[in-house]
Amino acid sequence: MAVGGDRAAGDERGTLAARLNYLFANMHPPGAPYTNSHVADEITNGEEYGETGLTEQYLSMLRNGRRANPSPDVLRALARFFAVPVGYLMGDLSASQAERVEEEVRFLVAMRDQRVRAIALRSVGLPPEVQDSLTTIISQFRQQMNLPSDPPDAGGEERP
């Protein structure tokens, strides 16, 4: 499974293809990423997407950059499928807003890991000072293992 935040070298963050590929790589249930065929079928046959039709071939062209200007209906359907704002796919968000969407995606990816989820859930209800102590302990382990002091998805969280 792709790790949240990983991008291929040369991937231009500002392209529709890059944003779609980021979502395909990260926004999926545990196991394998969605296929173009699966997403196209869900959108074409799902009532929540209206009358939007999408083929596997057209979705492939969007993902490889051969097509870059889909209809607003297709963009809305893709945004709904991946549970992101349509502005993210349209490229209408500011850099900080787009980063926030990707931060939320990375959070969801992390929460797919049962061990990470168990640690987070076990801290619920503990007093703030105990949660701060746990954060310090985790930071110390990260330092001992030569990992960055904060994981890449921690940018929006307040730090003690």
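Just above sits the structure.
The shown structure was predicted, so the numbers you read here are calculated from the model rather than taken from an experiment.

Novice: An account of helix 6 (residues 95–112) is needed here, citing residue identities and associated values.
Specialist: Here helix 6 spans 26 Å end to end across 18 residues, near enough to the 26 Å set by a 1.5 Å rise per residue. Here helix 6 has its buried residues at Ala98, Val101, Glu102, Glu103, Val105, Arg106, Val109, Met111 and Arg112. Those residues of helix 6 hidden inside the fold are in contact with helix 1 (16–26), helix 5 (86–90) and helix 7 (114–122).

Novice: Can you break down a negative patch on the surface residue by residue, with the values?
Specialist: Residues Asp41, Glu42, Glu47, Glu48 and Glu56 make up a contiguous surface patch of negative charge. Mapping glutamate 47 onto the fold places it in the loop between helix 2 (36–45) and helix 3 (56–64).

Novice: Explain the packing of aromatic side chains residue by residue, including any values.
Specialist: This structure, assessed with the given rule, holds four aromatic pairs. The interplanar angle of 65° and the centroid separation of 6.4 Å between the aromatic rings of tyrosine 34 and phenylalanine 82 together place this pair among those described as edge-to-face. Placement of the pair is tyrosine 34 in the loop between helix 1 and helix 2 and phenylalanine 82 in helix 4 (residues 72–82), with a sequence separation of 48 residues. Classification of tyrosine 34 by relative accessible area gives partly exposed; the value is 23%. For the pair phenylalanine 81 and phenylalanine 82, a centre-to-centre distance of 4.9 Å together with 85° between the ring planes defines the contact as edge-to-face. With relative accessibility at 1%, the residue phenylalanine 82 sits in the buried group. One cation-aromatic arrangement involves arginine 63 over phenylalanine 24; the distance from NZ or CZ to the ring centre is 3.7 Å.

Novice: Describe the pattern of salt bridges, with residues and values.
Specialist: Opposite charge on two side chains permits them to pair, given that their charged atoms come into close proximity. Within the structure shown, the criterion is met by four salt bridges. In this structure, glutamate 99 and arginine 106 form a salt bridge, with 2.4 Å as the shortest nitrogen-oxygen distance. Looking at arginine 106, the relative accessible area reads 8%, which means it is buried. Ionic pairing is found between glutamate 104 and arginine 100, a salt bridge with its closest N-O pair at 3.6 Å. Highlighted residues: glutamate 104 and arginine 100, both in helix 6, separated by four residues, approximately one helical turn. Each member of the salt-bridge network shares a partner with another, and the members are Arg100, Glu103 and Glu104.

What counts and how
Residues numbered from 1 in each chain as written. Predicted model: local features only at pLDDT ≥ 70, side-chain atom pairs only at ≥ 80, totals over all residues. Heavy atoms only, no water. Helix = DSSP H or I, 4+ residues; strand = E, 2+ residues; numbered from the N terminus. Expected span 1.5 Å × (residues − 1). Buried < 20%, exposed > 50% of the residue type's maximum accessible area, 1.4 Å probe, protein only. Contact = heavy atoms within 4.5 Å. Patch = residues over 30% accessible without salt bridge, like charges linked within 9 Å, V, L, I, M, F, W, Y side chains within 5 Å. Areas by Shrake-Rupley, 256 points an atom, 1.4 Å probe, with all protein chains shown as cover. Salt bridge = Lys/Arg side-chain N within 4 Å of Asp/Glu carboxyl O. Lys, Arg positive; Asp, Glu negative; His and termini not counted. Charge placed at Lys NZ, Arg CZ, Asp CG, Glu CD. Phe/Tyr/Trp six-rings, centres within 6.5 Å; stacked < 30°, edge-to-face > 60°. Lys NZ or Arg CZ within 6 Å of the ring centre and 35° of its normal.

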